[in-house]
Amino acid sequence: MRLTLRQLQIFRAIAETGSTVAAAERVALSQSAASVALAELERALETRLFDRVGRRLLLNDRGRALLPAATALLEDARDIEAAFGPGGSAADLRLAASTTIGHYVLPGLLAGFRTAHPDARLDLRVGNTREVVEAVAAFEVDLGFIEGPCHADAIRVRPWREDELVIVAAPDHPLARGGERLPLRRLRELRWLLREPGSGTREAVEQALLPHLHHLPADMTLGSSEAIKNAVAAGLGVSCLSRSVVRDLLDLGRLTVLPTTLPRLSRKLSVIHHEKKLLSGAVARFAEQCLAATGDAVG
């Protein structure tokens, strides 16, 4: 075999930094050694991987085609070292989850995993759905958990569970006092508080409501569901959120669910991973544990 992991590591570092000098610093080599490794890799593959633009090295078409495969091999090697190297743990998890799942669903599942693997290292990053998909696509995490659709290539999507969505308002909101089911025309007149574009919640809410309301102008956009529910409780407008997100304020009487003529609203939660990602035994077991723990709807 003419390729080495070291060559691929240097190739990825050059792709990310744009120069052999910066790449050499990242992988603790001299600049000349990094240049030699790149030349050996291009000679072994019989193709150029970068365009030279001044002092910058920019990936060409062949380099862009190689980068995902090289990254997958390097991540697999990292997983092997972590699992079987000195002091390594075969049960390490690197996860990314969109906000509702990361805050309200995964903690209980991770607690069960930690009980079975007390020495495991757990790394959970929380962001919006787009950020989770990007982390999975870049092999930065083993598994992703998302609240919205995934449109990225090379990502395997596994349906997980259903999450109920409810329209909420402050208890003293004028439409919360009558108790009657609100018709669509009244819903179209409301001041809606929504998540930012790229959020799985935003996309799910638009998919659930737009077929009925035809338009959904955002009177205010906030970067988290926590911020939205507190803004709604303060009387700044209404919103459509996961019941699991607002359950605490519903129980405290700071929010109320508005009855409407809409059908029951829900969205699908999914587990995702890169199709080229080799899932270790622990990661695969955790994924199956999550998929088996569908239970009732999150809401």
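Conventions adopted
Sequence order as written defines residue numbering, which begins from 1 separately in each chain. In keeping with the predicted nature of the model, local features appear solely for residues at pLDDT of at least 70, side-chain atom pairs appear and are counted solely at 80 or more, and the whole-chain, interface and lining totals rest on all residues. Based on all heavy atoms of the structure, the side-chain values leave hydrogens and waters out of the count. Here, any two strands with at least 2 DSSP bridges between them count as paired. Secondary structure elements are defined from DSSP: runs of H or I of at least 4 residues count as helices, runs of E of at least 2 residues count as strands, and each element is numbered from the N terminus. A crossover counts as right-handed when, viewed with the strands pointing away from the observer, the path leading from the first strand over the helix to the second turns clockwise. Pairs of residues are marked as contacts when any of their non-hydrogen atoms sit within 4.5 Å. Fitted lines through C-alpha atoms give the axes, limited to the stretch in contact for helices. The angle between two N-to-C directions lies from 0 to 180 degrees. The scheme is simple: roughly parallel for angles under 35 degrees, roughly antiparallel for over 145, roughly perpendicular for 65 to 115, oblique for anything else. In a left-handed crossing the near helix is turned counterclockwise from the far helix by less than a right angle, and in a right-handed crossing that turn is clockwise. For this classification, the nonpolar set comprises Ala, Val, Leu, Ile, Met, Phe, Trp, Tyr, Cys and Pro, the charged set comprises Asp, Glu, Lys and Arg, and every other residue, Gly included, is treated as polar. By convention in these notes, a salt bridge is any Lys or Arg side-chain nitrogen within 4 Å of a carboxyl oxygen on Asp or Glu. Categorising residues by exposure relies on relative accessible area from a 1.4 Å probe, with only protein chains included: less than 20% of the type maximum marks a residue as buried, more than 50% marks it as exposed, and the intermediate range marks it as partly exposed. Definitions used for this entry: grid spacing 1 Å over protein atoms alone; cavity, a set of points where a 1.4 Å probe fits but cannot get out; pocket, an open set with protein on both sides within 12 Å along at least 5 of 7 lines; lining residue, one with an atom within 4 Å of a point. Grid points are joined across faces, edges and corners, and a volume is the space filled by probe spheres set on the points. Polar contact is defined as a pair of N or O atoms within 3.5 Å, subject to the rule that within protein one atom must be able to donate a hydrogen and the other to accept it, and that residues adjacent in sequence are counted only when both atoms are side-chain atoms.

Quick notes on the pairing of strand β4 (residues 122-127)
- As paired elements, strand β3 (residues 93-98) and β4 share six bridges and run parallel to each other. Across the sheet, the residue bridging to Ala-96 is Arg-125, located in β4.
- Once you follow β3 into helix α5 (residues 99-116) and on to β4, the crossover reads as right-handed.

Some thoughts on the environment of Phe-50
- You can see Phe-50 is positioned in strand β1 (residues 50-53).
- Along the primary structure Phe-50 and Phe-286 are separated by 236 residues, whereas in three dimensions their C-alpha atoms are 39 Å apart.
- Among all residues touching Phe-50, those that are not within four sequence positions of it are Phe-11, Ile-14, Ala-15, Leu-38, Glu-42, Leu-57, Leu-58, Leu-59 and Asn-60.

Regarding the packing of helix α1 (residues 5-17) against helix α2 (residues 20-27)
- Running from amino to carboxyl end, α1 crosses α2 at an angle of 125°, the nearest separation of the two axes being 8 Å. Our classification of the angle between α1 and α2 gives oblique. With respect to the hand of their crossing, α1 and α2 are arranged in right-handed fashion. Residue-level contacts link Arg-6, Gln-9, Ile-10, Ala-13, Ile-14, Glu-16 and Thr-17 of α1 to Thr-20, Ala-22, Ala-23, Arg-26 and Val-27 of α2.
- Classifying every residue of the contact of α1 with α2 gives six nonpolar, three polar and three charged.

Description of the pattern of salt bridges
- What the rule picks out here adds up to 21 salt bridges.
- Across the pair Arg-191 and Asp-219 runs a salt bridge, and its minimum N-O distance is 3.1 Å. Pair noted here: Arg-191 is in the loop between α7 (184-188) and β7 (192-195) and Asp-219 is in strand β8 (residues 218-222), with a separation of 28 residues, a long-range link.
- The exposed category is assigned to Arg-191, whose relative accessible area is 53%.

Digging into empty space enclosed by the protein
- In this structure the tally under the stated criterion is two cavities of 30 Å³ or more.
- Lining the largest cavity are Thr-99, Thr-100, His-103, Tyr-104, Ser-224, Ser-225, Glu-226 and Val-245.
- Mapped onto the lining of the largest cavity, the elements with two or more residues apiece are α5 and α9 (225-233).
- Class assignment for the residues of the lining of the largest cavity results in two nonpolar, five polar and one charged.
- In this structure, the second largest cavity encloses a volume near 30 Å³.
- Lining of the second largest cavity is provided by Leu-193, Leu-194, Arg-195, Thr-201, Arg-202, Val-205, Ile-228, Ser-239 and Cys-240.

Some remarks on the side chain of Glu-75
- By the secondary structure assignment, Glu-75 is in helix α4 (residues 61-84).
- What makes Glu-75 buried here is its relative accessible area of 8%.
- Here Arg-94 takes part through its side chain, which lies 3.0 Å from a polar atom of the side chain of Glu-75.
- In this view, Glu-75 contacts Arg-12, Arg-94, Phe-139 and Lys-277; residues no more than four positions away in its chain are not counted.

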